[in-house]
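Per-entry structural report
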Amino acid sequence: MAVLALLTLGGLWIGGRIDAASAGERSGHESLPWVVVHEGDTLREIADAATREVDPGRVVRRIMDLNGLSGSELQPGTRLYLPDGLAP
């Protein structure tokens, strides 16, 4: 299970870097870091991967607010913008 989590987080990081040139597609978010959701990803895992210093629960709420999410369900292939100062 831990190996799967590490592979997923690594995929998030790589996915964000590969498509970084097109990060400006969404108005107002052009300078923000982002990740692409993969099958089985959770907001908590994404928040954990993005920061080690901040409470992941607060980061989850900030990600939800920034992306207009009303719940925690994620669709694979979705681009999630991260709050400024966080990186995958």
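First, a word on scope: everything that follows refers to the structure included in this document. These numbers come from a predicted model, not from an experiment.

Some points on the pattern of salt bridges
On inspection of all chains with the given rule, the structure shows one salt bridge. Between R61 and D65 there is a salt bridge, with the nearest N and O atoms lying 3.4 Å from each other. Residue R61 and its partner D65 are both found in helix α3 (residues 56–67); the two are separated by four residues, about one turn of the helix. By relative accessible area, R61 is classed as partly exposed at 43%.

Regarding the packing of helix α2 (residues 43–50) against α3
The geometry of a pair of packed helices is captured by two quantities: the angle between their axes and the separation between those axes. With their axes 9 Å apart at the nearest point, α2 and α3 run at an angle of 110° to one another. With respect to each other, α2 and α3 are oriented roughly perpendicular. Facing α2, whose interface residues are L43, R44, I46, A47 and D48, α3 presents P56, G57, V59, V60, I63 and M64. Broken down by class, the residue content of the contact of α2 with α3 amounts to eight nonpolar, one polar and two charged.

Focus on the packing of aromatic side chains
Tallied over the full model, the rule gives zero aromatic pairs. A cation over a ring is seen here: R79 above W34, with NZ or CZ 3.7 Å from the ring centre.

Digging into the nonpolar core
One finds L43, I46, I63, L74, L80 and L82 to be the most contacted residues of the largest nonpolar core, which totals 14 residues. Broken down by secondary-structure element, the contributors of at least two residues to this core are α2 and α3. Other than its neighbours up to four places away in sequence, L43 contacts V60, I63, M64, L69, G71, S72, L74 and L80.

So, α2
Along α2, the residues that are buried comprise L43, I46, A47 and A50. Buried residues of α2, viewed axially, fall in a sector of 100°; they line one side.

Considerations on α3
Taking 1.5 Å of rise per residue, twelve residues should cover 16 Å, and α3 covers 16 Å from first to last C-alpha, within 8% of that figure. In this structure, the buried residues of α3 make contact with α2 and β2 (79–81). Following α3 by one or two positions, G68 adopts a phi angle in the positive range, close to 65°.

Criteria and thresholds
Residues numbered from 1 in each chain as written. Predicted model: local features only at pLDDT ≥ 70, side-chain atom pairs only at ≥ 80, totals over all residues. Heavy atoms only, no water. Salt bridge = Lys/Arg side-chain N within 4 Å of Asp/Glu carboxyl O. Helix = DSSP H or I, 4+ residues; strand = E, 2+ residues; numbered from the N terminus. Buried < 20%, exposed > 50% of the residue type's maximum accessible area, 1.4 Å probe, protein only. Axes fitted to C-alpha atoms, helices over the stretch in contact; angles between N-to-C directions. Parallel < 35°, antiparallel > 145°, perpendicular 65-115°, else oblique. Contact = heavy atoms within 4.5 Å. Nonpolar A, V, L, I, M, F, W, Y, C, P; charged D, E, K, R; others polar. Phe/Tyr/Trp six-rings, centres within 6.5 Å; stacked < 30°, edge-to-face > 60°. Lys NZ or Arg CZ within 6 Å of the ring centre and 35° of its normal. Core = buried A, V, L, I, M, F, W, Y, C linked by side-chain atoms within 4.5 Å. Arc of directions from axis to C-beta. Expected span 1.5 Å × (residues − 1).

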